[in-house]
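Here's the letter readout for the chains.
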Number of protein chains: 2
Amino acid sequence: MTVETTGLRARRKRRTRDALVRVALELFTGQGYERTTVDEIAEAVEVSQRTFFRYFSSKEEVAFAVQDLMESHYLAALRERPACEGPIEALTAAVFAAWDTVEEAVSAIIPIDLHMRSYLMIESTPVLLAAHMRRSAESEELLAGLIARREGLDPVRDPRPRVAVAAFGGVMRAAGRQWGQGGDASVEAIRTITEEWLAHLGPALAADWRPPPTPGNA
Amino acid sequence: MTVETTGLRARRKRRTRDALVRVALELFTGQGYERTTVDEIAEAVEVSQRTFFRYFSSKEEVAFAVQDLMESHYLAALRERPACEGPIEALTAAVFAAWDTVEEAVSAIIPIDLHMRSYLMIESTPVLLAAHMRRSAESEELLAGLIARREGLDPVRDPRPRVAVAAFGGVMRAAGRQWGQGGDASVEAIRTITEEWLAHLGPALAADWRPPPTPGNA
DNA sequence: AGGCTAATGTCAGTCGCTGACAGTTGACAA
DNA sequence: TTGTCAACTGTCAGCGACTGACATTAGCCT
C-alpha cells in the first residue's frame, strides 16, 4: 500500500540523513553553530566528511533542514484556506493550522523541543540569521504570488500583496524574536505571542482592496 | 582649518582602504563575487592578503563598505525630517534627501555607476543578498526606534512602528529588485521607481495612529 | 553467483580566515 | 640629526568549509 518500504538502501539513506540532522542540531544548540565542525558531526554519525557534503551542500543547509519541512507545511496550509478569507486573515489562519500539524511532522525526525531550540539558535547566530532572512524573502515572494492569485490581482504590477506579505512577515519575525527573549520556549508560548502580535496587524492593513466581489454592485 | 591633513600615515591608510574598496568592487562586478579571491584583490592593490584582513574583517565586509556610507547618510537624513511629518512620510522624504546627497559622498571613493552596479551584484549574489537582508533587519530595528520616538510611542511594546518600517522596507527592497530587472541602471531610474512604489504604500498604512496631538481635542 | 550501479571513503587541493612573529617606516622628542 | 616608540605591514603556519577525482564497498536485479 502506501507503506513504501522502498528497499533497504533508501531506508538507510533516510536514516543517515535524519541522523545527520539530529546530531547536527544537537551539537549546534549545545555548543554553538560556529564552534561545531562538520568533521564532528560526521564523526558522531560515523560517516566521512565527504558523505556529509553529499547529503547537504553546506553546513548551513543542515541547520535549515527542519525549517524546510515547516515552510512546505505552511504553504500547504495556506493553499487550503477558503477563498472567502481576506489576505491577512488567510495568512494568519494558515500559521495556526501549520502549528497544529507541525508536532507530528517534525517529531518523526527530531524531538519538538530540539526544533524550538534550533529556532533560537538560528536567530542568535549572525550567519544563520542572514540566511534565514534571505529564505524568508524568498518565501515572501511565493506568498505574495499566492495572495495575488487569491485576490485576483496582477502579481507583477500590483505592489499591495507584497506590501501585505512584507508587513505580515515583519510582524512574524518580530513575534519570533519576542518569543526568543522570553523564557518559555514551548509551542504554546509562541502561539500565544504570534496571536497577540498578529492581532495588531489587522486593523492597520485590513483595507478592502479587493476588486468588486460580484459584478453589478455599486 | 577643516582640511585636516592628519599626517602622511593616516592619508596612506585611507588611500589603501579606498583602493581596496574600489578594486574589490570592480572585480566583484566584473567577474562575480564568488569568482574573485581575496588574494586577487590584495595583489591588485599590492598589499598582502593579511593586510586586506586588517582593513576588512571579511571578504563580505568590503562588499558593503559603500552601503555603510549610504546607510549613515540615510539615517542622518531621517533625523532631520521635521516632526510634523507622518512616519511613512518622513521615511519616504529621507530616501529622496539621501539620494540627493549620495552622489558627492560616494564619488569621493568610487564612481557612482560602480556603486549602482555593486547594488545589482549584491542583489544577485545569494550570500551577499543574505547579508544584505540581515543588515536591513538591523537597520529596521533602528528605524522603528526612531519612528517610535517621533510618534511618542513605546518602542518595545507597540508593534506599529515595526509594522510600518517592515512594510516600508519591504517596498523599498521590492522597488530595488524592480530597478535591477529593468535595463536602466541610473540613479534617476531608481528614484522614479522608488517614488512610484512608495506612493502605493501611503494609502495602505496612513492610519492616524498618533496619540491625541493636543489635549482637549475631541 | 555475478554484474551493475548507487553510496561511501580517501586524498589532495583551493579559499576564507587567524594567530604569532619579524621587519619596516612614519611620528615625535632629545 | 638621531634614536626610540608605535603603527603598519609581510611572512609563515595552520584550521575549517568545501570540491573534484578516483578507488572501494555494498544493495539490487537477473
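Residues numbered from 1 in each chain as written. Chains lettered and ligands numbered in written order. Predicted model: local features only at pLDDT ≥ 70, side-chain atom pairs only at ≥ 80, totals over all residues.

### A closer look at the relation of the copies chain B and chain A
Then comes step 1: Rotating chain B by 179 degrees about the axis while translating it 0.1 Å along that axis superimposes it on chain A, leaving an RMSD of 0.1 Å. Each copy turns onto its partner about a two-fold axis.
Then comes step 2: In this assembly the copies share their binding face: 100% of the residues contributing to the interface of chain B also contribute to that of chain A. (Least-squares fit on C-alpha atoms with pLDDT ≥ 70 in both. Contact = placed C-beta atoms within 7 Å.)

### A word on the confidence of the model for chain A
Then comes step 1: Looking at chain A as a whole, the pLDDT averages 87, with 90% of positions reaching at least 70.
Then comes step 2: Low pLDDT (under 50) marks residues 206-211 of chain A, which in the prediction has 6 contacts with non-local residues, meaning those over four places away or in another chain. (pLDDT = per-residue confidence, 0-100.)

### Considerations on the nonpolar core
Then comes step 1: Within the largest apolar cluster, 51 residues are counted, with the highest numbers of intra-cluster contacts made by Ala167(A), Phe168(A), Val171(A), Ala167(B), Phe168(B) and Val171(B).
Then comes step 2: Counting residues per element, this core draws most heavily on helix H9 (residues 160-181) of chain B, at 10 residues.
Then comes step 3: Setting aside residues no more than four positions away along its own chain, Phe168(B) makes contact with Ile88(B), Leu91(B) and Leu201(B).
Then comes step 4: Phe28(A), Ala65(A), Leu25(B) and Met121(B) belong to the second largest nonpolar core, which has 48 residues in total. (Core = buried A, V, L, I, M, F, W, Y, C linked by C-beta atoms within 7 Å. Buried ≥ 20, exposed ≤ 12 C-beta atoms within 10 Å, placed from the backbone. Helix = DSSP H or I, 4+ residues; strand = E, 2+ residues; numbered from the N terminus.)

### Side note on the protein's contact with DNA strand D
Then comes step 1: Taken together, 20 residues lie around DNA strand D, and Gly7(A), Ser58(A), Lys59(A), Arg50(B) and Thr51(B) are the ones closest in.
Then comes step 2: Elements represented by at least two residues in the surface near DNA strand D include exactly helix H1 (7-31), helix H2 (38-45), helix H3 (49-55) and helix H4 (59-63) of chain A together with helix H1 (7-31) and helix H3 (49-55) of chain B.
Then comes step 3: Among the residues making up the surface near DNA strand D, the classes are represented as 4 nonpolar, 7 polar and 9 charged. (Near = placed C-beta within 6 Å. Nonpolar A, V, L, I, M, F, W, Y, C, P; charged D, E, K, R; others polar.)

### Some details on the domain arrangement of chain A
All names here are of chain A.
Then comes step 1: As assigned here, chain A comprises domain 1 (7-62) and domain 2 (64-205).
Then comes step 2: Measuring from the centre of the C-alpha atoms in domain 1 to the corresponding centre in domain 2 gives 26 Å.
Then comes step 3: With 11 residues of domain 1 at the interface, the matching set in domain 2 holds 12 residues.
Then comes step 4: Going through the elements one at a time, H1 and H4 are the ones with two or more residues in the side of domain 1 that touches domain 2. (Domains from an automatic or database assignment.)

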